[in-house]
Amino acid sequence: ENVRFGADVAGRPDALDAARTTLEQVSLGDRVDHFPHELSGGEQQRVAIARALAAGNPIVLADEPTGELDFTTGLQILDLLHGVTHSAGTAVLVVTHNREIARVADRIIELSSGSIAADRPNEPADVSTLRW
């Protein structure tokens, strides 16, 4: 219901299917009948990512999307976000302090004291080469 809500609000006629598919993509298909208090912090974070993706919006805003995740799951989520960007034409804006995560971006904008310190295109690294 949590993930479907975002798709419903976005007006998707396939909201239920979109929710189930996206939960599978974030490896939570087997937890679809669980309540939030029955999920770990990392699982709750993946539900939030699934909700954002299921809405089908052209832009996804992600603030530290791997912050509560173990390394392997974090890589999976970064790979998913990168894949969505290229296959569905969705723009993903990721805010992070982790330079390894920034390596998969197409463009990097660095902020310092509230001002843009750098704005440059980036040759994205393969997610499998990340270490953090």
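Quick look at the structure, then. The structure presented is a predicted model; accordingly, all values stated were derived computationally and were not measured.

Rules used in this analysis
Residues numbered from 1 in each chain as written. Predicted model: local features only at pLDDT ≥ 70, side-chain atom pairs only at ≥ 80, totals over all residues. Heavy atoms only, no water. Buried < 20%, exposed > 50% of the residue type's maximum accessible area, 1.4 Å probe, protein only. Helix = DSSP H or I, 4+ residues; strand = E, 2+ residues; numbered from the N terminus. Pairing = 2+ DSSP bridges. Right-handed = clockwise from strand over helix to strand, strands pointing away. Polar contact = N/O pair within 3.5 Å; in protein donor to acceptor, adjacent residues only side chain to side chain. Contact = heavy atoms within 4.5 Å.

## Some points on the pairing of strand β1 (residues 59-63)
Inference 1: Residues V60 and A62 point to one face of β1 and are all buried, whereas I59, L61 and D63, pointing to the other face, are not buried.
Inference 2: Here 5 bridges tie β1 to strand β2 (residues 91-95), and the two strands are oriented parallel to one another. Within β2, the position partnered with A62 by the bridge is V94.
Inference 3: After leaving β1, the chain enters helix α4 (residues 71-87) and then returns to the sheet as β2, a path that is right-handed.

## Here's the deal with the side chain of Q45
Inference 1: Structurally, Q45 can be placed in helix α3 (residues 41-54).
Inference 2: Of note is the side chain of Q45, whose polar atom sits 2.9 Å from the backbone oxygen of P65.
Inference 3: Setting aside anything within four residues of it in sequence, one finds Q45 in contact with E64, P65, T66, G67, E68 and L69.

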